[in-house]
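Here are the chains, one letter per residue:
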Amino acid sequence: MNTPTPFIFHQGTQPLLISMPHVGTFVPPEIARNMTPQAQQVPDTDWHIERLYAFAKNMGASIIQATYSRYVADLNRPPGDESLYPGQATTSLCPVETFEGGSIYQQDKEPNQAEIEHRRIHYWQPYHDQLAAELARMRQQFPAVVLWDAHSIRSVLPRFFEGKLPDFNIGTNSSQSCATELQTRIQQIAQQATGYTSVLNGRYKGGYITRHYGQPAQQVHAVQLEMAQCIYMEEQLPFAYHNEKASQVQPHLRAMLEAALDFARNT
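Since the structure is predicted, the reported quantities are computational estimates derived from the model, not experimental observations.

## Here's the deal with the sheet that holds strand β4 (residues 145–153)
Right, on to step 1. The strand order across the open sheet formed by 7 strands is β1-β3-β2-β4-β7-β5-β6, and the pairing between neighbours is mixed. Each edge of the open sheet is held by one strand with a lone partner, namely β1 (7–10) and β6 (198–200). Put simply, the sheet's adjacent strands are angled 15° from each other on average, direction ignored.
Right, on to step 2. Pairing of strand β5 (residues 168–171) with strand β7 (residues 220–228) involves 4 bridges; the strand directions are antiparallel. Directly across from glycine 171, in β7, lies its bridge partner glutamine 224.
Right, on to step 3. Each of β2 (16–20), β4, β5 and β7 touches helix α6 (residues 243–265); the most contacted strand, β4, lies at about 160° to it.

## Some words on the nonpolar core
Right, on to step 1. In this structure, Ile18, Tyr53, Trp148, Phe168 and Met227 are the most contacted members of the largest nonpolar core, which totals 59 residues.
Right, on to step 2. Secondary-structure elements contributing two or more residues to this core are β2, α1 (29–32), α2 (49–52), β4, β5, α4 (180–191), β7 and α6.
Right, on to step 3. Looking at this core, the element that brings in the most residues is α6, giving 10 residues.
Right, on to step 4. Non-local contacts of methionine 227, meaning those with residues more than four positions away in its chain, are made with Ile49, Leu52, Tyr53, His151, Ser152, Ile153, Asp167, Phe168, Val249 and Leu253.
Right, on to step 5. Residues Phe7, Leu147, Tyr208 and Ala222 belong to the second largest nonpolar core, which totals 21 residues.

## Thoughts on α4
Note that an α-helix has 3.6 residues per turn; residues three or four places apart therefore point the same way.
Right, on to step 1. Helix length check: α4 (12 residues) gives 16 Å between terminal C-alpha atoms against 16 Å at 1.5 Å per residue, within 8%.
Right, on to step 2. Looking at the packing, one finds that the buried side of α4 touches β4, β5, β6, β7 and α6.

## Concerning the environment of methionine 20
Right, on to step 1. Within the secondary structure, methionine 20 sits in strand β2.
Right, on to step 2. With relative accessibility at 1%, the residue methionine 20 sits in the buried group.
Right, on to step 3. Separated by 55 residues in sequence, methionine 20 and leucine 75 have C-alpha atoms that sit 9.3 Å apart.
Right, on to step 4. The contact partners of methionine 20, leaving out residues within four places of it in the chain, are Ile49, Glu50, Tyr53, Ile63, Ile64, Gln65, Ala66, Tyr127 and Ala150.

Thresholds, definitions, all that
Residues numbered from 1 in each chain as written. Predicted model: local features only at pLDDT ≥ 70, side-chain atom pairs only at ≥ 80, totals over all residues. Heavy atoms only, no water. Pairing = 2+ DSSP bridges. Helix = DSSP H or I, 4+ residues; strand = E, 2+ residues; numbered from the N terminus. Axes fitted to C-alpha atoms, helices over the stretch in contact; angles between N-to-C directions. Contact = heavy atoms within 4.5 Å. Core = buried A, V, L, I, M, F, W, Y, C linked by side-chain atoms within 4.5 Å. Buried < 20%, exposed > 50% of the residue type's maximum accessible area, 1.4 Å probe, protein only. Expected span 1.5 Å × (residues − 1).

Next comes the structure, spelled out in structure tokens:
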């Protein structure tokens, strides 16, 4: 079995970096054998995000995407594993429960602290080193840059939120991770998307990546978009991509990314 590198990276030509920290599906055999059969199917993946955003490469965006499952190490959690949503259900740096509350690991097979630290070093850190390096390179070349953290999640998950999640969930760390102008432009595009619902800084305000790297005072503007998976795919096994639905969503995604690029170029 070929062991993948921790991420796939494409360097673009424009001041836009798209991060896909939860698209990975690979689980090393030594970890997989300790997991439950359900967890081995990695159901909590941000399925097909790289396919949905494929057009962004032609826009000149840089793209970094994870190859390892979030069950191995969640790249959108702090290295110290502090809670991003105190008082609310969330998952950890090395999660032990699925989104539905089931056990990821067989009894007495959960990772210990030494294993968690090993995963942080070998799977979490390389992704963040590359992300930080690309932002630094862009910042030397452009007056402003935008980091777009791309996510998706099942639309109904009672453990995390009541009812059905809006289709477009824009997160800017309560308006702290990007300029107000950029946030407003993206929100307006989402609101004008006929047939779709949206919210700004609702249940998902942005994870570690948005909060840590978004430094608008230094002209690094970070936005997280968490999409409901039902608008572009089937939410149950085999998690099939829905071409017709996806083709209807992509123009709105493109408009948001074009607004981000326009903002970065003209700041």
